[in-house]
Amino acid sequence: MNHGRVNPHQTLDATGITGLGNVYYNQIEPALVEAAVARGEGRLGKGGAFLCSTGQFTGRSPKDKFVVRTASVENTIWWDNNAPMAPDAYARLKADMLAHLQGRDMFVQDLYAGADPLHRLDVRVVTELAWHGLFIRHLLRRPAREELDGFTPEWTIINVPSFKADPARHGCRTETVIALNFDEKTVLIANTAYAGENKKSVFTILNYILPGKGVMAMHCSANHALGNPVDAAVFFGLSGTGKTTLSAAPDRTLIGDDEHGWSDRGIFNFEGGCYAKTINLDPKAEPEIYATTSRFGTVVENMVYDPETLELDFSDNSLTDNTRCAYPLDAISNASDTGLGGHPRHVVMLTCDAFGVLPPIARLSPAQAMYHFLSGFTSKVAGTERGITEPQPTFSTCFGAPFMPRRPEVYGKLLQEKILKQGATCWLVNTGWTGGAFGTGRRMPIKATRALLTAALDGSLAGVAFRRDPNFGFDVPVSVDGVDAALLDPRSTWADTAAYDAQAKKLVDMFSKNFGQYVPYIDDDIKAAAIG
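Remember, predicted model here, so these are calculated numbers, not experimental data. Throughout, a residue's number is its position along its own chain's written sequence, starting from 1. With pLDDT at 70 or above as the cut-off, local features in this predicted model cover only qualifying residues; side-chain atom pairs require 80 or more to be listed or tallied, and sums for whole chains, interfaces and linings still use all residues. To obtain the side-chain values, all non-hydrogen atoms of the structure were used and water was disregarded.

Caption draft 1: Quick peek at helix H5 (residues 196–209). With 14 residues, H5 extends 20 Å from end C-alpha to end C-alpha; this agrees with the ideal 20 Å at 1.5 Å per step. Exposure is judged per residue with a 1.4 Å probe applied to protein chains only, and the accessible area is read against the type maximum: over 50% gives exposed, under 20% gives buried, and values in between give partly exposed. For the purposes of this entry, the term helix denotes a DSSP run of H or I that reaches at least four residues, the term strand denotes a run of E that reaches at least two, and both are numbered from the N terminus. Most of H5 sits out of view: 13 of its 14 residues are buried. Helix span, as expected, comes to 1.5 Å for every residue beyond the first.

Right under this line is the structure:
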């Protein structure tokens, strides 16, 4: 039986998914919260937030993600990074999942990704869990209610955490699977309740579709000057680099915190919400994100709380370090109403260098920007994983390798072309360590990072003197008002300069070794910008 508002020609029955129980279409937040609580999927928290656990999986399962290997994508998918699934295995998986759903109640949300109407992707998300419907309703963009009467999805995601895949029968690795079929325009997700798989599946789809249209898909945050959407900036960065914190500056308008496109018209947010980490969330440093954890409808994932008072423990990582909350973008007071901005005047690449070698900010040429974009460097520090006793480099190409279905050079070249055409200034910003490596030095002062970023974005750095870094070849400002000049020369902050030189050589060698895999695919100007 169908409930809710839906295009009568696009019900699940009409599209061949039959034999289900009750199907709830496009329920709004109160109904989804009510259903999730009634079904025992979680608890109602303070202020009406929904508190839930994702069970065994508290993060994404990248090794269980597959692309169906069909003729249409055979020559365009980066198969070294995307595990293939045979079409007949996918057909068995889909048939078995749909058989598993017979008689079960399901929740359907008809949504879209992409704030720019020219590049909008209409997506249907079919979920077994009511709270997954609430989550994706926050994270994607919500069409006007009257649009639902004629809504026709281009892609469909079917998420069934209770279904366990059979590796032998379904051509996958474990009982957990995320399978993308670009011919059928369908994603199947099974045996994981981690809601982030839903949003990142959409991102992966866009990362495949948009470059073919000349649109750069980016794993980045973005903002623009107050009252001036033309003065925009994007911030690439892996987890722990400050991507969310630094883009959410009070003196700029937040376009979005995670996924954007760059077209011939400017930049646009793919999403309509935020999925913020909450571990050690500080109400003084991040008051608005903190406030969302007691806001009606916010999904609070895997946080420990007092069973009587429902007080959240922001420091308890006993379930996972990856505690999160999901909420609509309008919960943030300085968020953009449109999700649109002009062509970025500044492209910022964030890294957390635990080796203590990189300066807090450096100016990059377009070729150097592509080099660092393809490298995607940050570092893990001792204690973050068992067995790590010294800083370990992490190179995640394009600052988001798990979501890149095409070869990385496709994205790098597209980014470089847009930077050159629009005249964007590129920066590498290090939020990691200074005065020594992790364990000896100290974390880069956030006040200094903010001051340097402000000077970069408002144009102040254009008038200062720069020096050429002898190890990495980029330009580093010699002095900036309000910033300790010593920070700008990392070598001078080390008590033992010989130790710095050795550490710098070590990091250069790591960059060089990692980048070798891209050399056969890149242009000569990028080769010339390579380090080492």
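Caption draft 2: Structural detail: the pattern of salt bridges. We define a salt bridge as a side-chain nitrogen of Lys or Arg found within 4 Å of a carboxyl oxygen belonging to Asp or Glu. One pass over the full model with this rule turns up 33 salt bridges. Of the charged contacts in the structure, one is a salt bridge between Lys243 and Asp258, with a shortest N-O distance of 3.0 Å. Pair noted here: Lys243 is in helix H6 (residues 243–247) and Asp258 is in the loop between strand E14 (252–256) and strand E15 (259–263), with a separation of 15 residues, a long-range link. The pair formed by Lys243 and Asp258 is uniform in burial state, with each residue classed as buried. Among the ionic contacts, a cluster of salt bridges with common partners joins Lys199, Lys200, Lys243, Asp258, Glu259 and Glu271.

Caption draft 3: Molecular detail of the sheet that holds strand E9 (residues 155–160). Pairing is mixed in the open sheet, where nine strands are placed in the order E1-E2-E7-E8-E9-E11-E10-E5-E6. Two strands bound the open sheet, and with one partner strand each, they are strand E1 (2–4) and strand E6 (83–85). Strand-to-strand twist across the sheet, computed as the mean angle between neighbouring axes with direction ignored, equals 25°. Here five bridges tie strand E10 (residues 177–181) to strand E11 (residues 186–190), and the two strands are oriented antiparallel to one another. By the bridge assignment for E11, Ala179 is matched with Leu188. It only takes one pair of heavy atoms within 4.5 Å for two residues to be counted as in contact. Where helices are involved, their axes are fitted lines through C-alpha atoms of the stretch in contact, as for all axes, and angles between N-to-C directions lie from 0 to 180°. Contacts between helix H2 (residues 87–100) and the sheet are confined to strand E5 (65–68), E6, E9, E10 and E11, with E11 contributing the most and set at about 65° to the helix. Strand pairing requires that DSSP identify at least two bridges connecting the strands.

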